[in-house]
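# Structural description and commentary
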Amino acid sequence: SQKIEQNSEALNIQEGKTATLTCNYTNYSPAYLQWYRQDPGRGPVFLLLIRENEKEKRKERLKVTFDTTLKQSLFHITASQPADSATYLCALHSGGATNKLIFGTGTLLAVQP
Amino acid sequence: EAGVTQSPTHLIKTRGQQATLRCSPISGHTSVYWYQQALGLGLQFLLWYDEGEERNRGNFPPRFSGRQFPNYSSELNVNALELEDSALYLCASSSPPENEQFFGPGTRLTVL
């Protein structure tokens, strides 16, 4: 069956370090992948989208990689700040008529000052 | 520009009742999506509407239904409420359909 796995445990890092979050998937061939940030009790906020033919995408302190051979995406936050503390969700999109986003359960990131 | 709005913020119902949740997409967005996020669980896809039509639905029973109005706003109806329907219901919009989704603040449904 299709499965998306993100680090189930919370990730604790020190302010200023680089946070790296992992998203692995199986039995799925996404046309593209998205990363969202979700704060408690709020709706997710879109961060980055990377397509299957792209290896890397950057936006300010954020970087996403997409390896379709390994079936893995890595999400990096450089020079992390306490304000980056949140749950980060990866979502796979099949594209086409189904237009369905399948979300992972998310990784809770805590940046310590 | 106003974001996606949802109402009500909170909704408390008892088992067997019906709940109606509402969503207004970002102006110009024609696609509306509904998700369920139960406590401690990930977002589960419920429904996708585009141009007034239901385009796709997730693995939920038929008592979860909805519609999209001519102004692209949408309504989610949950009939015969069960305790396990308690969750945060999120609405998102996008345009064109395959782009990033913009989420509303959600409606917290509690079934007693």
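Up top is the structure.
Description of the structure in this document. (Residues numbered from 1 in each chain as written. Chains lettered and ligands numbered in written order. Predicted model: local features only at pLDDT ≥ 70, side-chain atom pairs only at ≥ 80, totals over all residues. Heavy atoms only, no water.)

The helix and strand inventory of chain B stands at zero helices and eleven strands. Its helices and strands in sequence order give chain B the pattern β-β-β-β-β-β-β-β-β-β-β, from N to C terminus. In summary, chain B has a C-alpha radius of gyration of 13 Å against a globular reference of 13 Å for 112 residues, a match within 12%. Projected onto the principal axes, the alpha-carbon positions of chain B cover approximately 40 × 25 × 25 Å. Expressed as a percentage of the 112 residues in chain B, the buried residues total 49%. Contacts spanning at least 24 positions in sequence make up 53% of the contacts within chain B whose residues lie at least 6 apart. Here chain B has roughly 5,200 Å² of accessible surface; of this, 49% comes from carbon and sulfur atoms. (Helix = DSSP H or I, 4+ residues; strand = E, 2+ residues; numbered from the N terminus. Rg over C-alpha atoms; globule rule 2.2 N^0.38 Å. Buried < 20%, exposed > 50% of the residue type's maximum accessible area, 1.4 Å probe, protein only. Contact = heavy atoms within 4.5 Å. Areas by Shrake-Rupley, 256 points an atom, 1.4 Å probe, with all protein chains shown as cover.)

Before going further, it helps to spend a moment on the side chain of N77(B). All names here are of chain B. In this fold, N77 is placed in strand β8 (residues 74–78). The exposure class of N77 is buried, given its relative accessible area of 12%. Among the polar contacts listed, one links the side chain of N77 to the side chain of T20, at a separation of 2.8 Å. With near-sequence residues (within four places) excluded, N77 lies in contact with Q18, A19, T20, R63, F64, S65 and G66. (Polar contact = N/O pair within 3.5 Å; in protein donor to acceptor, adjacent residues only side chain to side chain.)

In this structure, the amide linkage connecting S7(B) to the following residue, P8(B), adopts the cis form with an omega of -10°. By secondary structure assignment, the location of P8(B) is in the loop between β1 (5–7) and β2 (10–13). Positive phi, normally seen in glycine, also occurs at K71(A), with a value near 55°.

What follows deals with the pattern of salt bridges. By the definition in use, this model includes nine salt bridges over all chains. The salt bridge involving R37(A) is made with D39(A); its shortest N-O contact spans 3.1 Å. For D39(A), a relative accessible area of 27% gives the class partly exposed. A salt bridge links E82(B) to R63(B), with the shortest nitrogen-to-oxygen separation between them at 3.4 Å. Of this pair, E82(B) sits in the loop between β8 and β9 (87–94) while R63(B) sits in the loop between β6 (53–57) and β7 (64–68), placing them 19 residues apart in sequence. Judged by relative accessible area, E82(B) falls into the partly exposed class, the value being 32%. (Salt bridge = Lys/Arg side-chain N within 4 Å of Asp/Glu carboxyl O.)

For the coordinates displayed, the defined rule picks out two disulfides over all chains. Two residues share a disulfide in this structure: C23(A) and C90(A), whose sulfurs sit 2.0 Å from each other. Because the sign of the S-S torsion sets the handedness, a value of about 60° for the bond joining C23(A) and C90(A) places this disulfide among the right-handed ones. Pair noted here: C23(A) is in strand β3 (residues 19–26) and C90(A) is in strand β9 (residues 86–93), with a separation of 67 residues, a long-range link. Looking at C23(A), the relative accessible area reads 0%, which means it is buried. Residue C90(A) is classed as buried on the basis of its relative accessible area of 0%. In this model C23(B) forms its disulfide with C91(B); the gap between the sulfur atoms is 1.8 Å. Looking down the S-S bond of the C23(B) and C91(B) bridge, the torsion is -60°, so its handedness is left-handed. On the criterion of sequence distance, the pair formed by C23(B) in strand β3 (residues 19–24) and C91(B) in strand β9 is long-range, its members being 68 residues apart. Each member of the pair, C23(B) together with C91(B), is buried. (Disulfide = S-S within 2.5 Å.)

Before going further, it helps to spend a moment on the sheet that holds strand β7 (residues 62–67) of chain A. Residue and element names in this part refer to chain A. With antiparallel pairing, five strands are arranged side by side in an open sheet as β1-β3-β8-β7-β6. In this open sheet, the two edge strands, each paired with only one partner strand, are β1 (3–6) and β6 (56–59). Averaged over all neighbouring strand pairs, the angle between strand axes comes to 15°, with direction disregarded. The pairing of β3 with strand β8 (residues 72–77) spans six bridges and is classified as antiparallel. The partner of C23 across the bridge, within β8, is S73. (Pairing = 2+ DSSP bridges. Axes fitted to C-alpha atoms, helices over the stretch in contact; angles between N-to-C directions.)

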